[in-house]
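Chain by chain, the residues:
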Amino acid sequence: MPTLAEIVERFGGLLVGDGSVSISQVASLEHAGEEEISFLAGLKYRSLLAQTKAGAVIIPPAAEGSTAKPGIVADNPYLYFARLAQWLNPPRQAEAGIHPSAVVLSPIPDSVSVGALAYIGPDCEIAENVVIGPGCIVESGVSVGESTRLYGHVSIYQDCVIGARCILHSGAVIGADGFGYARERDGSWVKIPQIGRAVLGDDVEIGANTTVDRGALGDTIVERGVKLDNLIQIAHNVKVGENSAMAGCVGVAGSAEIGARVMVGGQAGISGHLKIADDTVVSARTLISKTIAKPGVVTSAMPGMPHDDWMKNVAHFRHLDLLVARLRELEKRVVDLEKEA
Amino acid sequence: MPTLAEIVERFGGLLVGDGSVSISQVASLEHAGEEEISFLAGLKYRSLLAQTKAGAVIIPPAAEGSTAKPGIVADNPYLYFARLAQWLNPPRQAEAGIHPSAVVLSPIPDSVSVGALAYIGPDCEIAENVVIGPGCIVESGVSVGESTRLYGHVSIYQDCVIGARCILHSGAVIGADGFGYARERDGSWVKIPQIGRAVLGDDVEIGANTTVDRGALGDTIVERGVKLDNLIQIAHNVKVGENSAMAGCVGVAGSAEIGARVMVGGQAGISGHLKIADDTVVSARTLISKTIAKPGVVTSAMPGMPHDDWMKNVAHFRHLDLLVARLRELEKRVVDLEKEA
Amino acid sequence: MPTLAEIVERFGGLLVGDGSVSISQVASLEHAGEEEISFLAGLKYRSLLAQTKAGAVIIPPAAEGSTAKPGIVADNPYLYFARLAQWLNPPRQAEAGIHPSAVVLSPIPDSVSVGALAYIGPDCEIAENVVIGPGCIVESGVSVGESTRLYGHVSIYQDCVIGARCILHSGAVIGADGFGYARERDGSWVKIPQIGRAVLGDDVEIGANTTVDRGALGDTIVERGVKLDNLIQIAHNVKVGENSAMAGCVGVAGSAEIGARVMVGGQAGISGHLKIADDTVVSARTLISKTIAKPGVVTSAMPGMPHDDWMKNVAHFRHLDLLVARLRELEKRVVDLEKEA
């Protein structure tokens, strides 16, 4: 169990109070106990400081002096907390080696862990320290960078590329066919073979049951540092720029080009064949149907209201055209009256 | 094949007509045959009663006398039908025992069935009569309550807790990491280890490809009796209160607290860090972005209309501010005119 | 490597220029090289023709003469391209036979390929040339038509029917229980056994992590030629008519009847117990909550706008009722003024 002083020595920041306090774990202000360290993310939570039972607290410079507890002053307490939490909670070690129930048709470094009942096809390149979870399916020709971890039940289609230090959660499907068909006169569909790949950069995290399709002709690209939450659809030939992040249930249509550091809220939708500028913020539930050329916050999420109010407003919305016509007519008549007056 | 009289003896209700009719199965009024029993859910479907070929019908007291068929009068015909349907269609028995192709690293009671190619990690507690379907991945330290059934391809991450008599459908992922990162100045993300668990109460049903993330610090909680449809995302540290139900494709953001008996329609979205009162009804497609303190029906689902009408209305919507300004201006001018008159 | 002349011989169209050019692959106008053939889908992309390095181009009659390159004139260049692309990129052959790690409890024709760690239950009917990918779970009593391909990690529940020449992508779940419960007085739910099946016609493609539930009493039907993208939810007793297509993240509620050749954009939602006419087009993000009796384009997708503008407009939207009342009041007062004038 490290002491507060040891933590400051390792991660920096300003030690306040008793540095000999032992810290076993991170916790929230509400639930922390005596051997736990918590953090104050913003001043609006300052009231929790008085009540917390945490043994120590990470606080921003602006909050210095607002608690008698031992602690660490750091410019960005949440970031400090993240790094400390990682150190106190290293990822579970997976035993190196190939489980006897796995089926592995490519050469695998000794440092790699292949879980029970996993399948790795021929011609794959699996780098050092990769962890392939139980029941994963890695098809032929896939490349996986060093220290990447696939949890159980991940599927990677043939020839896809996964960078280093990625995390892929269960049920993620990388490289399934994009949705591309030409239409016959009778309305039936002729499949366009999807001959591109899905290519994930380093340090990408892919949530549970998220799907990243392979490209139709070129590749689908998810650049380094991108974080995708659960149940997201990334269609063929999309490009997601580095360090962009998307919350759950987002859908991105084909060939959209999303810039770097773009943040996309849950259930948002992005149409195909458009561009989104670096650093754009797309609010939850918002639909982007045109290119966003300049960064900013873009929104179209309609918040819930009492059902009867909603129905009334929608009824008016359906007749906005009429409403505008009535207003225009009235304006004319008032002009006439004003002339007469 | 039970007779109508035997059914009434077992499930109650008032027998009407010939109790010796044999009943092999439940069916809809439209498709029932002579050995099948159907039900009248509401009086508006009464016209179907005249046409049905069902051998017997479950009807509400208000419909008594509206058919010459043998039947059962019950206060809630749909509920009666549900119980009877369960009795006539018991879940398929899974053979107790561990399939030789499964990999099981925890002790398992004799009554448990572990399907082909399933994986159960070490330190799990699997209760009596549990069914683990083929290809399931149950990581270390997971606890599964008695008589719970996992269909094929379910994933449960380490240390999660599943109650008794739960049903988890294929592709469900319980306990993947929540979506939590601190941001570096350069826009890159530092992962917050997700050290909580996902905890499901008794009698929970989880639909296909639905995801319930583990908590960041505390746990994600799905209380007893909750029913989740397919492709739902439950983020970290959410609490879903008992007997709440959500239809398909709903997304719930982190730390939302959903009360008991809340009903959520398909594709609805619930923002994070808010509360929803017991017994609230969230309409399909509706976004809840603020706390709902009192129960009621909440809606924000915009229904489709002919494309050209929609485009016109959206154009006006974009300029509602201008419209209101014009109205205000007009009001002033009319006041002036009235003064002069 | 076929020549242009050989391609025209096989697929028709009018050969323009040097028929001896060899073609190794299809590519986009932007990225094609000398041995690749591209296509001009519409005249608006004509400027790309001047720049392309493609060895040959498929063009529509209206574009004849707009390039000096060798090429093929075809009525529908995209359709021509699709057929040619299929010929140049045949699906990967899967080795016939059962992988020794698979668990197969039904008789399988010699022409069938069963991948590593797949499970096929008893009483299944698997037709000639079917490919069952690694890690698939096919429960008892399932029927799969000839030449259908299941990629890895597909789940098919008992007794479901899959047509011929279908493609099912990883994580697809066919035949999980529909979402049906009767409610007890105390708010708890009694499950309605889902005794119908999911039935897919010939030539259906199902995207990654898409779910098609089994019927409650009757069957859920996906007719021949239907194409479903990723992460789509098809609820119990839905019928999707032939050659309809749905983009990603669509949700269809129970018992909806969707006609033939209907096209549904991404993230659209379709309520239950309604009908959609043949050839209807549902725009992306649009909610269909009532029967669509006549084909046409139906829309309710609200496009994103700068956040502050949106908030203002939503505020007005919330008070549309008041706005209309103010307008009505003003109309009355102007009438009064006009009388006086």
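A quick note: this is a predicted structure, and the numbers were derived from the prediction, not measured. (Residues numbered from 1 in each chain as written. Chains lettered and ligands numbered in written order. Predicted model: local features only at pLDDT ≥ 70, side-chain atom pairs only at ≥ 80, totals over all residues. Heavy atoms only, no water.)

A few words now on the overall build of chain A. Assigned secondary structure in chain A consists of five helices and 37 strands. In terms of overall dimensions, chain A is more spread out than a globule: its C-alpha atoms have a radius of gyration of 27 Å, far above the 20 Å expected for 341 residues. Structurally, chain A occupies a C-alpha span of about 90 × 65 × 35 Å along its principal axes. Out of the 341 residues belonging to chain A, those deemed buried represent 60%. Sequence separation of 24 or more characterises 18% of the internal contacts of chain A that already satisfy a separation of 6 or more. For chain A, the computed accessible surface area is about 13,200 Å², with 51% contributed by carbon and sulfur atoms. (Helix = DSSP H or I, 4+ residues; strand = E, 2+ residues; numbered from the N terminus. Rg over C-alpha atoms; globule rule 2.2 N^0.38 Å. Buried < 20%, exposed > 50% of the residue type's maximum accessible area, 1.4 Å probe, protein only. Contact = heavy atoms within 4.5 Å. Areas by Shrake-Rupley, 256 points an atom, 1.4 Å probe, with all protein chains shown as cover.)

On the chain B side, the residues contacting the 69 residues of chain A number 78 residues. Across the pair Glu331 of chain A and Arg326 of chain B runs a salt bridge, and its minimum N-O distance is 2.8 Å. At the junction of chain A with chain B, the criterion picks out 30 residue pairs in polar contact (both at pLDDT 80 or more). Listing elements by their share of the side of chain A that touches chain B, those giving two or more residues are strand 2 (25-26), helix 3 (77-88), strand 25 (227-228), strand 28 (245-246), strand 37 (305-306), helix 4 (307-318) and helix 5 (320-340) of chain A. (Salt bridge = Lys/Arg side-chain N within 4 Å of Asp/Glu carboxyl O. Polar contact = N/O pair within 3.5 Å; in protein donor to acceptor, adjacent residues only side chain to side chain.)

Now for the interface of chain B and chain C. At the interface, 70 residues of chain B touch 78 residues of chain C. Summed over the shared surface of chain B and chain C, the number is six salt bridges. Between Glu184 of chain C and Arg83 of chain B there is a salt bridge; the shortest N-O distance is 2.7 Å. Taken together, the links from chain B to chain C amount to 30 residue pairs in polar contact (both at pLDDT 80 or more). Those elements that place two or more of their residues in the side of chain B that touches chain C are strand 2 (25-26), helix 3 (77-88), strand 25 (227-228), strand 28 (245-246), strand 37 (305-306), helix 4 (307-318) and helix 5 (320-340) of chain B. Among the elements that take part in the side of chain B that touches chain C, helix 5 of chain B stands out by supplying 12 residues, more than any other. Of the residues that constitute the side of chain B that touches chain C, the class distribution is 37 nonpolar, 20 polar and 13 charged. Sheet topology places strand 37 of chain B next to strand 36 (residues 297-299) of chain C; two bridges connect them, and they run antiparallel. Its bridge partner lying in strand 36 of chain C, Met305 of chain B is registered against Thr299 of chain C. (Nonpolar A, V, L, I, M, F, W, Y, C, P; charged D, E, K, R; others polar. Pairing = 2+ DSSP bridges.)

The geometry of an aromatic ring pair comes down to the distance between the two centres and the angle between the two planes. A full pass over the atoms with the stated rule returns 30 aromatic pairs over all chains. By way of ring pairs, the aromatic residues Trp310 and Phe317 of chain A, Trp310 and Phe317 of chain B together with Trp310 and Phe317 of chain C are connected into one cluster. (Phe/Tyr/Trp six-rings, centres within 6.5 Å; stacked < 30°, edge-to-face > 60°.)

Residues and elements named next belong to chain B. The topology assignment puts Gly115 in the loop between strand 8 (113-114) and strand 9 (119-120). The exposure class assigned to Gly115 is buried, which follows from its relative accessible area of 14%. Distance from Gly115 to Leu217, taken between C-alpha atoms, is 33 Å for residues 102 residues apart in sequence. When residues no more than four places from it in sequence are discounted, the contact partners of Gly115 are His99, Ala102, Ile132, Gly133 and Pro134.

Here chain B sits on chain C after a turn of 120 degrees about the axis and a move of 0.0 Å along it, with an RMSD of 0.1 Å. Classification of the inter-copy transformation places it as that of a three-fold axis. (Least-squares fit on C-alpha atoms with pLDDT ≥ 70 in both.)

By the secondary structure assignment, Ser28 of chain B is in the loop between strand 2 and strand 3 (36-39). Once you skip the residues sitting within four places of it in the chain, Ser28 of chain B turns out to touch Ser38 of chain B together with Leu217 of chain C.

With that out of the way, let us pick up the pairing of strand 3 (residues 36-39) of chain A. Residues and elements named next belong to chain A. Both faces of strand 3 are covered, namely the face carrying Glu36 and Ser38 and the face carrying Ile37 and Phe39. Two strands pair when backbone bridges link them, and strand 2 and strand 3 are joined in this way by two bridges, in the parallel orientation. Residue pairing across strands places Val26 opposite Ile37, the latter belonging to strand 3. Judged from the three bridges that link them, strand 3 and strand 4 (residues 56-59) form a sheet pairing that is parallel. By the bridge assignment, Ile37 is partnered in strand 4 with Ala56. In the classification by handedness, the crossover that spans strand 3, the intervening helix 2 (residues 46-51) and the parallel strand 4 is right-handed. (Right-handed = clockwise from strand over helix to strand, strands pointing away.)

To continue, consider the packing of helix 1 (residues 4-11) of chain A against helix 3 of chain A. All names here are of chain A. The geometry of helix 1 relative to helix 3 is characterised by a closest axis approach of 11 Å and an angle of 110 degrees between their N-to-C directions. Regarding the angle of helix 1 to helix 3, the classification is roughly perpendicular. Taking contact as the criterion, the partners of Ile7, Val8, Arg10 and Phe11 in helix 1 are, on helix 3, Tyr80, Arg83, Leu84 and Trp87. Residues of the contact of helix 1 with helix 3, tallied by class, amount to six nonpolar, no polar and two charged. (Axes fitted to C-alpha atoms, helices over the stretch in contact; angles between N-to-C directions. Parallel < 35°, antiparallel > 145°, perpendicular 65-115°, else oblique.)

The strands that make up a sheet pair up through hydrogen bonds in the backbone, lying either parallel or antiparallel. Strand order in the open sheet made by the 10 strands is 7-9-12-15-18-23-26-29-32-35 (chain A), with parallel pairing throughout. One side of each edge strand has no neighbouring strand; the edge strands of this open sheet are strand 7 (103-104) and strand 35 (287-288) of chain A.

Consecutive side chains of a regular strand alternate in pointing toward one face of the sheet and then the other. All names here are of chain C. Neither face of strand 4 (residues 56-59) is open: one carries Ala56 and Ile58, the other Val57 and Ile59, and all of them are buried. Note: strand 4 against strand 5 (residues 71-73), three bridges, orientation parallel. Within strand 5, the position partnered with Ile58 by the bridge is Ile72.

Here the focus is helix 1 (residues 4-11) of chain B. Residues and elements named next belong to chain B. Listing the buried residues of helix 1 in full gives Leu4, Ile7 and Val8. Across the axial projection of helix 1, the buried residues extend over an arc of 100 degrees, all falling on one side. What points out from helix 1, more than 90 degrees from its buried face, is the exposed set Glu9 and Arg10. Contacts made by the buried residues of helix 1 are with strand 1 (14-16), strand 3, strand 4 (56-59), strand 5 (71-73) and helix 3. Of the residues one or two after helix 1, Gly12 is the one with positive phi, at around 80 degrees. (Arc of directions from axis to C-beta.)

Here we come to the side chain of Gln158 of chain A. Its location among the elements puts Gln158 of chain A in the loop between strand 15 (155-156) and strand 16 (161-162). Dropping the residues within four chain positions of it, Gln158 of chain A is found in contact with Glu139, Ser140, Val142 and Arg214 of chain A together with Arg92 of chain C.

Residue and element names in this part refer to chain B. The strand order across the open sheet formed by five strands is 1-5-4-3-2, and the pairing between neighbours is mixed. Of all strands in the sheet, those with a lone pairing partner are strand 1 and strand 2, marking the two edges. As paired elements, strand 1 and strand 5 share three bridges and run antiparallel to each other. Bridging across to strand 5, Val16 finds its partner in Gly71. Against the sheet, helix 1 contacts strand 1, strand 3, strand 4 and strand 5, and its axis sits at roughly 20 degrees relative to strand 5.

Time to look at unusual backbone geometry. At Ser147 of chain A, a residue that is not glycine, the phi angle is positive and equals roughly 65 degrees. The partly exposed category is assigned to Ser147 of chain A, whose relative accessible area is 31%. Non-glycine residue Asp123 of chain C carries a positive phi angle of around 65 degrees. Residue position: Asp123 of chain C is located in the loop between strand 9 (119-120) and strand 10 (125-126).

Taken as a whole, this structure holds 45 salt bridges over all chains when the rule is applied. Between Arg92 of chain B and Asp159 of chain C there is a salt bridge whose closest N-O contact spans 2.7 Å. Of the two residues, Arg92 of chain B is situated in the loop between helix 3 and strand 6 (97-98) and Asp159 of chain C in the loop between strand 15 (155-156) and strand 16 (161-162); the pairing between them involves two chains. The class for Arg92 of chain B is partly exposed, based on a relative accessible area of 41%. Relative accessible area serves as the criterion here: at 28%, Asp159 of chain C is assigned to the partly exposed category. Arg224 of chain C is the partner of Glu242 of chain C in a salt bridge, and the nearest nitrogen-oxygen pair spans 3.9 Å. Taken together, the residues span a long stretch of sequence, with Glu242 of chain C in the loop between strand 27 (239-240) and strand 28 (245-246) and Arg224 of chain C in the loop between strand 24 (220-222) and strand 25 (227-228) at a distance of 18 residues.

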